[in-house]
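Structural description and commentary
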Amino acid sequence: DAGVTQSPTHLIKTRGQQVTLRCSPKSGHDTVSWYQQALGQGPQFIFQYYEEEERQRGNFPDRFSGHQFPNYSSELNVNALLLGDSALYLCASAPSGLAGAQETQYFGPGTRLLVL
Amino acid sequence: SQQGEEDPQALSIQEGENATMNCSYKTSINNLQWYRQNSGRGLVHLILIRSNEREKHSGRLRVTLDTSKKSSSLLITASRAADTASYFCATGGWGKLQFGAGTQVVVTP
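So, here is what we can say about the structure in this document.

Rules behind the numbers
- Residues numbered from 1 in each chain as written.
- Chains lettered and ligands numbered in written order.
- Predicted model: local features only at pLDDT ≥ 70, side-chain atom pairs only at ≥ 80, totals over all residues.
- Heavy atoms only, no water.
- Disulfide = S-S within 2.5 Å.
- Helix = DSSP H or I, 4+ residues; strand = E, 2+ residues; numbered from the N terminus.
- Buried < 20%, exposed > 50% of the residue type's maximum accessible area, 1.4 Å probe, protein only.
- Salt bridge = Lys/Arg side-chain N within 4 Å of Asp/Glu carboxyl O.
- Pairing = 2+ DSSP bridges.
- Axes fitted to C-alpha atoms, helices over the stretch in contact; angles between N-to-C directions.
- Polar contact = N/O pair within 3.5 Å; in protein donor to acceptor, adjacent residues only side chain to side chain.
- Core = buried A, V, L, I, M, F, W, Y, C linked by side-chain atoms within 4.5 Å.
- Contact = heavy atoms within 4.5 Å.

This brings us to the state of the cysteines. Here is the idea: a disulfide is a covalent bond, and it sits between the sulfur atoms of two cysteines. The tally for this structure, following the rule as stated, stands at two disulfides over all chains. One disulfide bridge connects A:C23 with A:C91, the sulfur atoms lying 1.8 Å from each other. Residues A:C23 and A:C91 are joined through a disulfide that is left-handed, its torsion about the S-S bond being -55 degrees. Here A:C91 lies in strand β9 (residues 87-94) and A:C23 lies in strand β3 (residues 19-24), a separation of 68 residues in the sequence. The two residues A:C23 and A:C91 agree in class, both being buried. The disulfide partner of B:C23 is B:C89, and the gap between their sulfur atoms is 2.0 Å. Note on the B:C23 and B:C89 pair: the S-S dihedral is about 70 degrees, so by sign convention the disulfide is right-handed. Of this pair, B:C23 sits in strand β3 (residues 19-25) while B:C89 sits in strand β9 (residues 85-93), and the two are 66 residues apart along the sequence. With respect to class, B:C23 is no different from B:C89; both count as buried.

Right, dumping it as C-alpha cells:
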C-alpha cells in the first residue's frame, strides 16, 4: 500500500518563475492538504482540496493555487516566485467523512524548493 | 501565527534517558496531535489525544493533556539514537492543522 508520494524531491528556480509540485494521496484517501515549511519552522497550512475544489485556505497569497484531479492527486502551483518561497512543501492526505474528522494527516516526503 | 509552541526548542540527551517536551496552545481544542519529522522530510503521526482525555500511551510514548492550562507534554522513555528528530504538536482538524515550531531532539549513543 503506497503512502503519499510527491514529485519532484528537489527543485531550483529563479525569482519570477512559476513552479508546479505534484502529490498522490495514500490509497483510499480523497482529501489533500498542502503545507509550507520554512527552515526551522513548523508547517503552515496553505489549502485543502476535496472533490476537486479548494475547501479551506490558509493565509497565503493568490500566487499559490492548486488543483485536484478525479483520481484525487493534486498539484500546487506557485507563480511569480519570491526568495521567501524557498521552503519544504508538504502534501498530506486523509479520508473524507465524519470518521476521524480528518484529524490524522498522512504526509508525503516533501518537495524542497530553492528560489535563487 | 502558530497555534502551538513547543518547549524546549532543542534537547540533547543520551541513549536510555527520557526526553520530555511541552506544547502550549492558544484556543480551545477538540484534540491535539504529536508528529515526528526526521531530517527535514515528511511528518509521521505519533499519537492523538482528545480533549476529554488526560493521558495516553503508545509504546515508549506518553502524552498528557491539561486543557485548563492549554498545554500538553510528550515523554519518550528509554530513548534511542533513532529517536533523533524534530517533534511537533498540532491542533485542528478537517485537514487543516496548526503546528508549533517544534522541539529538535538529539539522542547520542
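Counted under the stated rule, the structure contains six salt bridges over all chains. Put simply, A:E51 and A:R55 hold a salt bridge, and the shortest N to O gap is 3.0 Å. Its salt-bridge partner being B:R60, residue B:D83 comes within 2.9 Å of it at the nearest N-O pair. With B:D83 in the loop between β8 (71-76) and β9 and B:R60 in the loop between β6 (55-58) and β7 (61-66), this pair connects stretches of sequence that are 23 residues apart. In this structure B:R60 comes out as partly exposed when scored by relative accessible area, which is 22%.

What follows covers the sheet that holds β7(B). Residues and elements named next belong to chain B. A sheet is described by the order of its strands in space; here five strands give the open sequence β1-β3-β8-β7-β6, paired in antiparallel fashion. The open sheet has two free edges, formed respectively by β1 (4-7) and β6, since each of these has just one partner strand. Strand-to-strand twist across the sheet, computed as the mean angle between neighbouring axes with direction ignored, equals 20 degrees. Bridging between β7 and β8 involves six bridges; their strand directions are antiparallel. For L65, the partnering residue across the bridge sits in β8 and is S72.

Bringing the environment of A:W34 into the picture now. All names here are of chain A. By secondary structure assignment, the location of W34 is in strand β4 (residues 31-37). Along the backbone, W34 and C23 are eleven residues apart, and their C-alpha atoms lie at a distance of 9.1 Å. Within the local environment of W34, its side chain forms a polar contact with the side chain of S74, the two groups lying 2.9 Å apart.

What follows is about the nonpolar core. Membership of the largest hydrophobic core comes to 22 residues, with the highest contact counts inside it found for B:M21, B:L32, B:W34, B:L46, B:L74, B:I76 and B:Y87. Taken together, the elements giving at least two residues each to this core come down to β2 (10-14), β3, β4 (31-37), β5 (43-50), β7, β8, β9 and β11 (103-108) of chain B. With near-sequence residues (within four places) excluded, B:L46 lies in contact with B:W34, B:Y35, B:R36, B:S58, B:L61, B:L74 and B:Y87. One finds A:L81, A:A87, A:Y89 and A:L113 within the second-largest nonpolar core, a separate group that totals 19 residues.

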